[in-house]
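Single-letter residue listing:
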Amino acid sequence: MAGDKGIYTKRDDGRKFDEIREMSAEVGIVDSADGSASFNTGHTKAIAVVRGPRTLHPQHMQNPRKGILRVSYGMMPFSVTDRIRPGPNRRSEEISKVTEWALNSVVDLSEYPNTVVDVFIQIPQADAGTRVAGINAAAIALAHAGIPMKEMVSAIGVGKIDKTLVVDLDKYEDSDFHDAEGSTDIPVAITSRTKNISLLQLDGKISVPEFKECVKNAKVACEEILKVQMQALKNIDGGNN
Ligand code: CDP
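Report follows, based on the coordinates. None of these values were measured; they are calculated from a predicted model.

Of regular secondary structure, the protein possesses 4 helices and 9 strands. Element order for the protein, N to C, with α for helix and β for strand: β-β-β-β-α-β-α-β-β-α-β-β-α. Its C-alpha atoms give the protein a radius of gyration of 18 Å, within 12% of the compact-globule value 18 Å for 241 residues. Overall size of the protein, expressed as C-alpha extent along the three principal axes, is 60 × 40 × 35 Å. Surface summary for the protein: the accessible area is close to 12300 Å², and the carbon and sulfur share equals 50%. Positive and negative charge centroids in the protein, built from 30 and 33 side chains respectively, lie 4 Å apart.

Before going further, it helps to spend a moment on the site of the ligand. Of all residues adjacent to the ligand, which total 13 residues, the nearest are Arg91, Ala128, Gly129, Thr130 and Arg131. Residue Thr130 places a side-chain N or O atom 2.5 Å away from an oxygen atom belonging to the ligand. A total of 510 Å² of accessible area belongs to the ligand in isolation, and the protein chains cover 74% of it. Mapped onto the shell around the ligand, the elements with two or more residues apiece are helix 2 (130-144) and helix 3 (171-174). Per-class residue counts for the shell around the ligand are 5 nonpolar, 2 polar and 6 charged.

A separate point is the environment of Asp162. Structurally, the position occupied by Asp162 is in the loop between strand 6 (153-161) and strand 7 (164-167). Given a relative accessible area of 0%, Asp162 falls into the buried group. When the C-alpha positions of Asp162 and Asp12 are compared, they lie 15 Å apart, and in sequence the two are 150 residues distant.

Further remarks concern the nonpolar core. Across soluble globular proteins, nonpolar side chains show a tendency to be buried alongside one another. Judged by nonpolar contacts, the single largest core of 56 residues is most densely connected at Leu103, Leu142 and Ile156. Per element, the largest residue contribution to this core is 10 residues, and it comes from helix 4 (residues 208-238). Residues within four places of Leu142 in sequence aside, it is in contact with Val50, Leu69, Leu103, Val107, Val117, Val119, Ile147 and Met149.

The next subject is unusual backbone geometry. The phi angle of most residues is negative, glycine excepted, and most peptide bonds adopt the trans form. Each neighbour pair has its own omega, and for Gly52 with Pro53 the value is 5 degrees, a cis peptide bond. Between His57 and Pro58 the backbone carries a cis peptide bond, its omega angle lying at 0 degrees. Structurally, Pro58 is set in the loop between strand 3 (44-55) and strand 4 (68-75). Notably, Asn114 is not glycine yet its phi reads approximately 65 degrees, a positive angle. Its place among the elements puts Asn114 in the loop between helix 1 (90-104) and strand 5 (115-125).

The rules behind these values
- Residues numbered from 1 in each chain as written.
- Predicted model: local features only at pLDDT ≥ 70, side-chain atom pairs only at ≥ 80, totals over all residues.
- Heavy atoms only, no water.
- Helix = DSSP H or I, 4+ residues; strand = E, 2+ residues; numbered from the N terminus.
- Rg over C-alpha atoms; globule rule 2.2 N^0.38 Å.
- Areas by Shrake-Rupley, 256 points an atom, 1.4 Å probe, with all protein chains shown as cover.
- Lys, Arg positive; Asp, Glu negative; His and termini not counted.
- Charge placed at Lys NZ, Arg CZ, Asp CG, Glu CD.
- Near = heavy atom within 4 Å.
- Polar contact = N/O pair within 3.5 Å; in protein donor to acceptor, adjacent residues only side chain to side chain.
- Nonpolar A, V, L, I, M, F, W, Y, C, P; charged D, E, K, R; others polar.
- Buried < 20%, exposed > 50% of the residue type's maximum accessible area, 1.4 Å probe, protein only.
- Core = buried A, V, L, I, M, F, W, Y, C linked by side-chain atoms within 4.5 Å.
- Contact = heavy atoms within 4.5 Å.

This is how it looks when you write it as structure tokens:
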């Protein structure tokens, strides 16, 4: 809700400005895969399935020093109110690439030369923040598959609506109709131990001090997300899967 002078005064779902939507995660949701997981925030749902490492074909694409991570992100046709056309498009190719980079900084495939590890991310329900939900699901699916990882990675969308800084924008907040300055969306992924930023994109306008504050907010939010990811991994250990 926008107040006078373009100040976003209240979130429609009643959340505090720095509050993440309700989260849940589950590991081991696809028996036939090497690793799998889901990660949900509010109405956004992401599923990640891992296959590999297995020998990469064609042979000329192989790296004799280490395995390759290959990510494919897609939204299901019914994931939003307007039907999404099946198959790759510019947006899905961009998200696949940035997700690959975000995950590449934590996986260690040096023990698996000439192989590929495939990560398939699917979004059955989208209410903004799907790339970050996909990264959160993929990180725990990779751990479930037993892929060596230097650390975990967690991701969140932060940003600014009119003049107000917010955490975990939903679709309404991500839309560009807000009064004064519109909406700025900044997906951020942060590694769990070294606290490195492995993804940062920026769509909109923001001042340097506000940007720094957003990154700080992302770091705090990623600590919360990490707890949910680690709990999901622990749950499966408890179940001896
Ligand atoms: O999902 P994410 O925030 O990572 O990416 P986005 O490109 O900023 O998209 C924001 C949201 O717009 C998505 O989560 C969907 O809810 C919606 N969207 C849509 O309705 N139709 C599309 N073709 C693409 C996105």
